[in-house]
Amino acid sequence: MSLGIEQLARANVRALTPYQSARRLGGSGDVWLNANEYPIAIPYELTQQTLNRYPECQPEQVIERYASYAGLQPDQVLTCRGADEGIELLMRAFCEPGEDAVLFCPPTYGMYSVSAETIGLEYRTVQARENWQINLEEIGAQLGGVKLIYLCSPNNPTGNLISAGDIRTLLEMARGKALVIADEAYIEFCPQASVASWLGEYPHLVVLRTLSKAFALAGLRCGFVLANAPVITLLMKVIAPYPLSTPVADVAAQALSEQGLAEMRRHVKTIKENRALLIDALRQSRWVETVYESETNYLLVRFRASSFVFKSLWNQGIILRDQNKQPGLADCLRISIGTRAECDHVINALAALPAIDNLRE
Ligand code: PMP
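- The name given to the chain in an unreviewed UniProt entry is Histidinol-phosphate aminotransferase, with Izhakiella capsodis as the source organism.
- For the record of the chain, the UniProt heading Subunit (unreviewed entry) holds the text "Homodimer."

### A closer look at the overall build of the chain
No. 1: For the chain, the count of helices and strands is 13 helices and 13 strands.
No. 2: Computed over the C-alpha atoms, the radius of gyration of the chain is 21 Å, within 12% of the 21 Å expected from 2.2 N^0.38 for a compact globule of 361 residues.
No. 3: Dimensions of the chain, computed from C-alpha atoms along their principal axes, come out at roughly 60 × 55 × 50 Å.
No. 4: The burial tally for the chain puts 53% of its 361 residues in the buried class.
No. 5: A separation of at least 24 residues holds for 73% of the contacts in the chain among residues at least 6 apart in sequence.
No. 6: Surface summary for the chain: the accessible area is close to 16600 Å², and the carbon and sulfur share equals 50%.
No. 7: Side-chain charges in the chain split into 33 positive and 39 negative, and the spacing between the mean points of these groups amounts to 2 Å.

### Section: the state of the cysteines
No. 1: Under the counting rule described, the total for this entry stands at zero disulfides.
No. 2: Of all cysteine sulfurs in the structure, the one in C80 sits closest to C57, which takes part in no disulfide; the separation is 11 Å.
No. 3: The thiol of C95 is unpaired, and the distance to the nearest cysteine sulfur, on C105, comes to 16 Å.

### Notes on the pattern of salt bridges
Oppositely charged side chains can pair when the atoms bearing their charge come close.
No. 1: Across all of its chains, the model carries ten salt bridges by this definition.
No. 2: For E137, the salt bridge identified is with R129, shortest N-O distance 2.7 Å.
No. 3: Judged by its relative accessible area of 57%, E137 is exposed.
No. 4: Between R168 and E201 there is a salt bridge, with the nearest N and O atoms lying 2.9 Å from each other.

### Thoughts on the site of the ligand
No. 1: Around the ligand, a shell composed of 13 residues is seen, among which A83, D183, Y186, T210 and S212 lie nearest.
No. 2: Between the ligand and D84 there is a distance of 3.0 Å, counted from an oxygen atom to a backbone nitrogen or oxygen.
No. 3: Here an oxygen atom of the ligand sits 2.7 Å away from a polar atom, N or O, in the side chain of S212.
No. 4: In terms of residues, the shell around the ligand owes the most to one element, helix α5 (residues 82-94), which gives three residues.
No. 5: In terms of residue class, the shell around the ligand is made up of five nonpolar, four polar and four charged.

Each value, and the rule that gives it
- Residues numbered from 1 in each chain as written.
- Predicted model: local features only at pLDDT ≥ 70, side-chain atom pairs only at ≥ 80, totals over all residues.
- Heavy atoms only, no water.
- UniProt positions renumbered as here; feature names shortened; annotations may be inferred.
- Helix = DSSP H or I, 4+ residues; strand = E, 2+ residues; numbered from the N terminus.
- Rg over C-alpha atoms; globule rule 2.2 N^0.38 Å.
- Buried < 20%, exposed > 50% of the residue type's maximum accessible area, 1.4 Å probe, protein only.
- Contact = heavy atoms within 4.5 Å.
- Areas by Shrake-Rupley, 256 points an atom, 1.4 Å probe, with all protein chains shown as cover.
- Lys, Arg positive; Asp, Glu negative; His and termini not counted.
- Charge placed at Lys NZ, Arg CZ, Asp CG, Glu CD.
- Disulfide = S-S within 2.5 Å.
- Salt bridge = Lys/Arg side-chain N within 4 Å of Asp/Glu carboxyl O.
- Near = heavy atom within 4 Å.
- Polar contact = N/O pair within 3.5 Å; in protein donor to acceptor, adjacent residues only side chain to side chain.
- Nonpolar A, V, L, I, M, F, W, Y, C, P; charged D, E, K, R; others polar.

What follows is the structure, encoded as structure tokens:
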């Protein structure tokens, strides 16, 4: 019997809806506020001309500089192709398809489920409470068979931190049973909240980081897993032989130099200033019901008639991220903090929309 290509694929891959990344969703515009990127490109030059050679698997300078930035030892750092690869490496190293499960707390980042589905792992979800803190009792009731618990703090797309006390309680609940993974993709916007310094107390804590956000390097595809050496050693078994290309390692090392770190901190300051202005202006818009507090470079906003707002701005080339399909986020859009001019575009576009009374959707 001859099978079509589709039938040759694994059943879970046939059933999979791929991650709807900002780039896949498309759109055409000049105000891109849908992927939590830094709005301005930082120029870099390559310092090495050695592309005939394979790169180091774990480039020493990148590892050393990141360890020093994070206050850790080099053997507690693994670098990979974005935090996204870190999410998946953990599943591949720790979870047996058909036996083990992963757990996370929606509304949250979409790749935890997509990676689990790709690998064919069961995933359990425990909806966050109304204030978007984790529901510890319910998590406790769901822990049987769970090997990995993903916590996103600050959380994408809600923008809030998970309470440090709750993370500690969860770490105690999971001790000897499961790893707790704190996804800190946005931690540069609230560095005091990092749990990386807790690694000495918890052998089962893992922290995910990235250069895609505050470091303004989403196109580089460089991320980090921070964990104790036994976890890193296991991940090193399943990682690709050359996860970072030579140019990626070259640029990452520059971004992590003293000068690069100072520049990153300037970005954070600018983004926070723009965020404060955007929050104020949005709160005065008649289209806006709630602007949620954010510790990040994006805002979650509950709108009146969000799909009308989303489409109207989209048609004007202002591309936001629709969160309507996430549990608990009806009428919510996520807006990345762009330049001052980009924030002004959003505000002006909202002000120019027809009055709400005349609205027919
Ligand atoms: N975690 C969270 C919470 C994110 O928002 C993102 C990026 N959207 C990632 C991880 C992945 O980051 P990277 O670009 O490093 O793969």
